[in-house]
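Commentary on secondary and tertiary structure
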Amino acid sequence: MTSPTDVLAAVPYLVGFHPTASLIVIGLARSQAKMVARWGLPFPPGTLDAMSPLLGRESITEVIIVGYGPGDLVTPAVDEARRLAAKDGVRVGEALRAHEGRYWSYVCDLATCCPAEGTPYDLSSSQIAAEATVRGMVALPDREALERTLAPATGPVRMAMRRATSEAIAHFQARITAATDLNLFTEQYVSEALARVRSALETHNQGGRLTDAEAARLGLDLTVMRVRDEAWTSMNDAHAVLWKDLTRRLEPRFVPPVASLLAMAAWREGNSVQATIALERALTIDPSYSMANLLMHALQNLLSPAILRDRLPTPAELDDAMGPISALWLLPLINLLDEEDSPPALE
């Protein structure tokens, strides 16, 4: 990224969409991008404070700052980012404002190259856009378009999943009603659910996709914390496809666990925007869902996923932490069974 146009061409591919009313900070170490952080504008004072520990933790030596929007919105945010970088001894390689097809540089005051009226730019003329396309990278038109990639499935897909979910619920209710020992039933159910998690991960690792019945059963399974945590501790970057698919397909009341797992997978990949959108889905449905709240706190404070990646417990450690299996493990699932979701949308 050697020119302002190259910087502006790269940003949409780094964040996944063409931003508006945003502040983007790209952190470089040894001339390589190591972090990309985005904030919507305007934001309250102190919002950028979490950036300082991130710069040190990632050994950032230079930042590129880009603000999108009118000057009265962007300039205070850029000024704050520049002050923080200076305080931490980090060089500001470029600081730009982009608005309505023109850019202005905060680090250049030469009228010959940075006129007061701004410099027109054309992203299609940058080699970066062509290279991103060759690599299969996509920049969506706006954040709303990215949100739609995680929106609930509608039409026939929703109708089919609603039927499959009703059948999975009926099957579970029949089994638990017939059980004479609820603790023993819970032990059997959790064992089967853990096997279904492993099977689902293997199916997606091999390029397959869960059937509606398999997806619906897994949606019920993952409401059980021990089962969800099995998926969490087994996480690798390839699993994002599975959790994204289930975030869209499952009935809303069963979405918080899979949306949280998607957020974890996206966060591990460095896709904090998708992680945030997934967590917003989870918390809209259940504002108290603890895993989603913890991950949102981590994202808002610019924590690195490495803090968890190297400290994930093993299945045996999960078993030790949770103690003996009891029927209480099934309460989160049982509490959801009497709830109803909104009627499915038709297309």
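The structure under discussion appears in the preceding block.
A brief structural summary.

Rules used throughout
- Residues numbered from 1 in each chain as written.
- Predicted model: local features only at pLDDT ≥ 70, side-chain atom pairs only at ≥ 80, totals over all residues.
- Heavy atoms only, no water.
- 1 Å grid on protein atoms, 1.4 Å probe; cavity = no way out; pocket = protein on both sides within 12 Å on 5 of 7 lines; lining within 4 Å.
- Points joined across faces, edges and corners; volume = space filled by probe spheres on them.
- Helix = DSSP H or I, 4+ residues; strand = E, 2+ residues; numbered from the N terminus.
- Nonpolar A, V, L, I, M, F, W, Y, C, P; charged D, E, K, R; others polar.
- Pairing = 2+ DSSP bridges.
- Right-handed = clockwise from strand over helix to strand, strands pointing away.
- Buried < 20%, exposed > 50% of the residue type's maximum accessible area, 1.4 Å probe, protein only.
- Phe/Tyr/Trp six-rings, centres within 6.5 Å; stacked < 30°, edge-to-face > 60°.
- Lys NZ or Arg CZ within 6 Å of the ring centre and 35° of its normal.
- Salt bridge = Lys/Arg side-chain N within 4 Å of Asp/Glu carboxyl O.
- Patch = residues over 30% accessible without salt bridge, like charges linked within 9 Å, V, L, I, M, F, W, Y side chains within 5 Å.
- Areas by Shrake-Rupley, 256 points an atom, 1.4 Å probe, with all protein chains shown as cover.

Gaps left between atoms are located by rolling a probe of water-molecule size over the structure's atoms. Taken as a whole, the largest pocket spans an internal volume of roughly 910 Å³. Around the largest pocket, the lining comprises 33 residues; the ones closest to its centre are Val36, Ala37, Ser272, Leu299 and Leu302. Only α1 (4–15), β2 (32–40), α11 (255–268), α12 (272–285) and α13 (290–300) provide two or more residues apiece to the lining of the largest pocket. Top element by residues in the lining of the largest pocket is β2. It accounts for 8 residues. Within the lining of the largest pocket, the residues separate by chemical class into 17 nonpolar, 8 polar and 8 charged.

Turning our eyes to something else, we now look at the pairing of strand β4 (residues 91–99). Here 7 bridges tie strand β3 (residues 62–68) to β4, and the two strands are oriented parallel to one another. The partner of Tyr68 across the bridge, within β4, is Ala98. Taken together, β3, helix α3 (residues 71–87) and β4 form a β-α-β motif whose crossover is right-handed. The pairing of β4 with strand β5 (residues 102–105) spans 4 bridges and is antiparallel. Residue His99 lies in a different strand from β5, and its bridge partner there is Arg102. The hairpin turn running from β4 into β5, its antiparallel successor, is 2 residues long, and Glu100 in that turn takes a positive phi close to 50°.

What follows deals with the pairing of strand β1 (residues 22–29). With 8 of 8 residues buried, β1 is to be regarded as a mostly interior element. Of the two faces of β1, both are covered, the one formed by Ser22, Ile24, Ile26 and Leu28 as well as the one formed by Leu23, Val25, Gly27 and Ala29. Pairing geometry for β1 and β2, over 8 bridges, is antiparallel. Its bridge partner being in β2, Ile24 is matched across the sheet by Arg38. From the end of β1 to the start of β2, which pair antiparallel, there are 2 residues, and Arg30 there has a positive phi angle of about 55°. Bridge count between β1 and β3: 7 bridges; the pairing is antiparallel. Note on β3: the bridge partner recorded for Leu23 is Gly67.

In this section: the sheet that holds β2. Strand order in the open sheet formed by 6 strands is β2-β1-β3-β4-β5-β6, and the pairing between neighbours is mixed. Edge strands, defined here as strands with exactly one partner in the open sheet, are β2 and β6 (119–120). Alignment of β5 against β6, held across 2 bridges, turns out to be antiparallel. Bridge pairing links Arg102 to Pro120 in β6.

The tally for this structure, following the rule as stated, stands at 4 aromatic pairs. Ring geometry for Phe172 versus Tyr189: centroids 5.2 Å apart, planes at 75°, classification edge-to-face. Remark: Tyr189 occurs in helix α7 (residues 182–205) and Phe172 occurs in helix α6 (residues 155–178); sequence separation between them is 17 residues. Owing to a relative accessible area of 3%, Phe172 belongs among the buried residues under this scheme. Feature note: the residues Phe172, Phe185 and Tyr189 constitute an aromatic cluster, connected by ring pairs. Lying across the ring of Trp104, Arg97 places its NZ or CZ 4.0 Å from the centre. Its guanidinium or amino end placed over the ring of Tyr189, Arg196 lies 5.6 Å from that ring's centre, counting from NZ or CZ.

The next point concerns the pattern of salt bridges. Across all of its chains, the model carries 16 salt bridges by this definition. Here Asp245 makes a salt bridge to Arg249, at a shortest N to O gap of 2.8 Å. Placement of the pair is Asp245 and Arg249 together in helix α10 (residues 240–249), with a separation of 4 residues, close to one helical turn. Comparing Asp245 with Arg249, the two get one shared label, buried. Bridged by salt links that share partners, the residues Arg198, Arg226, Glu230 and Asp319 form one connected network.

Turning our eyes to something else, we now look at a nonpolar patch on the surface. A cluster of nonpolar side chains, contributed by Leu328, Leu331 and Ile334, occupies part of the molecular surface with about 260 Å² of accessible area. Along the polypeptide, Leu328 turns up in the loop between α15 (315–322) and α16 (331–337). Given a relative accessible area of 61%, Leu328 falls into the exposed group.

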